[in-house]
Amino acid sequence: MKKLILILALLTMGCNAPVEGSGFWLGDENETFVNASDEHTETYKKWLQAHNDKDIETILSLETDDVRIDLPSGMVISGAEAHAEALSNYFESADPEMNLFWAMPYKGVVNGEVWIIAGQVVTSHELPPNENTVLRMIDAQFKEGKISRVIAYDKTPPPPPPPPAEEGSDEEAPDEE
């Protein structure tokens, strides 16, 4: 009987153990983070696919009406109507293709805010036909299951290395510095 009481006591204590996260947020010294639900990952994937489909209606349905988009250029888009207009121009001029290669949703232990950090390759087919590829990292905040804020960062990938010189050719290998 004593063993049963001890087991029940340990289980009860374990169920009430505080959640410990990791990381920090400068705005709140007590804030830490844990993984959030993959429901947010699925919402983000649908949002990204809607960009590939150029489906502005679906994109907006996955965002709050007061969505804020911080672009890599420093431009800020505020609200669904402004985002719809910006998307229309973007799709027409760049014809982008977005390919997600990783994502991780996370949640603040103290304040409960849910965000996702994600990386994707974005290829734009700008007019006149020029192909431009960037590696884009996104921090996106969710409110009530919808995307409410997006902060985008771009990095231009380095060019691929030149092909090796064929054996027996008269070409010299380039000097490395």
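A quick note: this is a predicted structure, and the numbers were derived from the prediction, not measured.

A. A look at the sheet that holds strand β6 (residues 130-143). Ordered in space as β1-β4-β5-β6-β7-β2-β3, the seven strands form an open sheet in which the pairing is mixed. Both edges of this open sheet fall to β1 (33-35) and β3 (76-78), since each of them pairs with a single strand only. Mean inter-strand twist for the sheet, computed between neighbouring axes without regard to direction, equals 25°. Bridge count between strand β2 (residues 63-70) and β3: three bridges; the pairing is antiparallel. If you follow R68 over to β3, its bridge partner there is S78. Contacts between helix α2 (residues 38-52) and the sheet are confined to β2, β4 (97-108), β5 (114-126), β6 and β7 (146-155), with β4 contributing the most and set at about 155° to the helix.

B. Examining the nonpolar core more closely. Counting residues in each nonpolar core, the largest one holds 24 residues, and the members touching the most others are Y44, W47, I147 and V150. Of all the secondary-structure elements, those providing two or more residues to this core are α2, β2, α4 (80-94), β5, β6 and β7. Apart from residues no more than four positions distant in its own chain, Y44 is found in contact with L100, I116, A118, Q120, I138, F142 and I147. With five residues, the next largest nonpolar core counts F33, Y106, W115 and I151 among its residues.

C. Broad picture of the pattern of salt bridges. This structure, assessed with the given rule, holds five salt bridges. When the shortest N-O distance is used, the salt bridge between R149 and D70 registers 3.1 Å. Of this pair, R149 sits in strand β7 while D70 sits in strand β2; the two residues are 79 residues apart in sequence, bridging distant segments of the chain. Judged by relative accessible area, R149 falls into the partly exposed class, the value being 27%. Taking the shortest distance from any N to any O, the salt bridge between D154 and R136 comes out at 2.6 Å. In this pair, D154 is assigned in strand β7 and R136 in strand β6, connecting sequence segments 18 residues apart. Classification of R136 as buried rests on a relative accessible area of 14%. One continuous salt-bridge network, built from bridges that share partners, spans R68, D70 and R149.

D. Representation of unusual backbone geometry. The phi torsion at K54 lies on the positive side, around 55°, for a residue other than glycine. Structurally, K54 can be placed in the loop between α2 and α3 (56-61). For K54, a relative accessible area of 32% puts it in the partly exposed group. Even without glycine at this site, D95 takes up a positive phi of about 45°. Relative to the helices and strands, D95 resides in the loop between α4 and β4.

E. Examining α4 more closely. Under the 1.5 Å per step criterion, the end-to-end length of α4 is 20 Å for 15 residues, consistent within 8% with the ideal 21 Å. Buried within α4 are the following residues: A80, H83, A84, L87, F91 and A94. For α4, the buried positions fall inside an angular range of 135° around the axis, keeping them on one side. Seen from the buried face of α4, the exposed residues on the opposite side, beyond 90 degrees, are E81, E85 and E92. Turning to α4, the residues buried within the fold contact α2, α3, β2, β3 and β5. After α4 finishes, the residue D95 shows a positive phi value of roughly 45°.

Rules used in this analysis
Residues numbered from 1 in each chain as written. Predicted model: local features only at pLDDT ≥ 70, side-chain atom pairs only at ≥ 80, totals over all residues. Heavy atoms only, no water. Pairing = 2+ DSSP bridges. Helix = DSSP H or I, 4+ residues; strand = E, 2+ residues; numbered from the N terminus. Axes fitted to C-alpha atoms, helices over the stretch in contact; angles between N-to-C directions. Contact = heavy atoms within 4.5 Å. Core = buried A, V, L, I, M, F, W, Y, C linked by side-chain atoms within 4.5 Å. Buried < 20%, exposed > 50% of the residue type's maximum accessible area, 1.4 Å probe, protein only. Salt bridge = Lys/Arg side-chain N within 4 Å of Asp/Glu carboxyl O. Expected span 1.5 Å × (residues − 1). Arc of directions from axis to C-beta.

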